[in-house]
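Chains, contacts and geometry: an overview
Spelled out, the chains give:
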Amino acid sequence: MVVGVMGAMPEEIEPIIGRLENVQKHEVAGNTYYTALYGSIDLVIAYSKIGKVFSALTAATMIEKFGVQKMLFSGVAGAINPELKIGDLIAATKLCQHDLDITAFGHPYGFVPEGKVFVEANPRLLEIAADVARKLGVKLKQGVIATGDQFVASLERKSWIGETFNADALEMEGASVAVVCDALNVPFFILRAISDAADMDAGFDFDTFLQSSALKSAEFIFAMLDEL
Ligand code: ADE
């Protein structure tokens, strides 16, 4: 089985690459893809760079050029739901694009014709994640993740996203990876550890907690590999 592990930033995938042996490097379309054998799994690992376009390109490249059959995403997010504190894990049940807006034509936020507002993650991968969380004794929330090409550092914007999409957390890549995987029939799982609360302090908190939260997410994803 070929499994893709994506992040958006180096900090999000380095902890995974660091646990592997005989890692090979491949340069495709301006990105580095790392391949390695882990047990019986052929792993393909990359960080995409930040945002929806780069992450869509990386997801599509992993699937079309490297033959990825299951996609796992590891990274950090801003919390919307006040239950979520820095370092907490959230797995997306479904994802939406909060910055997609053709409401001028009577469509809901996040919708374009022939698309859908929400793309659902693979239920079996969510089950596996719940089992892994129980085994590791860590808390894993399941919820809605909203994605957009914006670093959100405003209570007003964060509340709007929370109210409009009933979203629990926000970030900048999950929904674009979801759209690509959904279109190409590849089961996907998006995991995030909270780095900030998308408020006035978000920039500072993000810089402070990126590494520790990215590591928590990566460790969880690594544990999931044994259960696929
Ligand atoms: N990823 C982590 N924190 C974020 C924020 N506040 N906005 C967008 N993406 C994020």
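Residues numbered from 1 in each chain as written. Predicted model: local features only at pLDDT ≥ 70, side-chain atom pairs only at ≥ 80, totals over all residues. Heavy atoms only, no water.

Moving on, we get to unusual backbone geometry. For Asn185, which is not glycine, the phi torsion reads 60° and is therefore positive. On the secondary structure map, Asn185 appears in the loop between helix 5 (174-183) and strand 10 (188-196). The backbone of Ala198 sits at a positive phi, close to 55°, despite the residue not being glycine. One can find Ala198 in the loop between strand 10 and helix 6 (202-225). (Helix = DSSP H or I, 4+ residues; strand = E, 2+ residues; numbered from the N terminus.)

What follows is about the site of the ligand. Taken together, 13 residues surround the ligand, and among them Gly78, Phe151, Val152, Leu170 and Asp196 come closest. Within the backbone of Val152, a nitrogen or oxygen atom sits 2.8 Å from a nitrogen atom of the ligand. With respect to the ligand, the side chain of Asp196 contributes an N or O atom lying 2.6 Å from a nitrogen atom. Contact with the protein chains covers 97% of the free accessible surface of the ligand, which is 260 Å². With respect to the detected pockets, the ligand is housed in the second largest pocket. Looking at the shell around the ligand, the elements with two or more residues in it are strand 5 (70-79), strand 9 (169-171) and strand 10. Tallying contributions element by element places strand 5 first for the shell around the ligand, with three residues. Broken down by class, the residue content of the shell around the ligand amounts to eight nonpolar, three polar and two charged. (Near = heavy atom within 4 Å. Polar contact = N/O pair within 3.5 Å; in protein donor to acceptor, adjacent residues only side chain to side chain. Areas by Shrake-Rupley, 256 points an atom, 1.4 Å probe, with all protein chains shown as cover. 1 Å grid on protein atoms, 1.4 Å probe; cavity = no way out; pocket = protein on both sides within 12 Å on 5 of 7 lines; lining within 4 Å. Sits in = over half its atoms within 2 Å of the grid points. Nonpolar A, V, L, I, M, F, W, Y, C, P; charged D, E, K, R; others polar.)

So, on to the pattern of salt bridges. Tallied over the full model, the rule gives eleven salt bridges. Here Arg19 makes a salt bridge to Glu219, at a shortest N to O gap of 3.4 Å. In this pair, Arg19 is assigned in the loop between helix 1 (10-17) and strand 2 (24-28) and Glu219 in helix 6, connecting sequence segments 200 residues apart. Assessed through its relative accessible area of 37%, Glu219 is described here as partly exposed. The salt bridge partner of Lys141 is Glu83, with a shortest N-O separation of 3.5 Å. (Salt bridge = Lys/Arg side-chain N within 4 Å of Asp/Glu carboxyl O. Buried < 20%, exposed > 50% of the residue type's maximum accessible area, 1.4 Å probe, protein only.)

Our focus in this paragraph is the packing of helix 1 against helix 6. Two elements in contact, helix 1 and helix 6, have axes separated by 8 Å at closest approach and are oriented at 45°. The angle between helix 1 and helix 6 falls in the class oblique. Here the hand of the crossing between helix 1 and helix 6 comes out right-handed. Only Leu210, Ala214, Leu215, Ala218, Ile221 and Phe222 of helix 6 make contact with helix 1, whose side of the interface consists of Glu11, Glu12, Pro15 and Ile16. Taken together, the residues that form the contact of helix 1 with helix 6 break down as eight nonpolar, no polar and two charged. (Axes fitted to C-alpha atoms, helices over the stretch in contact; angles between N-to-C directions. Parallel < 35°, antiparallel > 145°, perpendicular 65-115°, else oblique. Left-handed = near helix turned anticlockwise from the far one by under 90°. Contact = heavy atoms within 4.5 Å.)

Following the criterion strictly, the structure yields six aromatic pairs and no others. Between Phe151 and Phe206, the ring centres sit 5.5 Å apart and the planes meet at 80°, which makes this aromatic pair edge-to-face. A residue pair is termed long-range when its members are at least 10 positions apart, and Phe151 in the loop between strand 8 (140-147) and helix 4 (155-165) and Phe206 in helix 6 qualify at 55 residues. Grouped by ring-pair contacts, the aromatic residues Tyr109, Phe118, Trp160 and Phe165 constitute a single cluster. Here the basic side chain of Arg19 rests over the ring of Phe222, its NZ or CZ set 5.6 Å away from the ring centre. The cationic tip of Lys49 hangs over the ring face of Phe54; the distance from NZ or CZ to the ring centre is 4.6 Å. (Phe/Tyr/Trp six-rings, centres within 6.5 Å; stacked < 30°, edge-to-face > 60°. Lys NZ or Arg CZ within 6 Å of the ring centre and 35° of its normal.)

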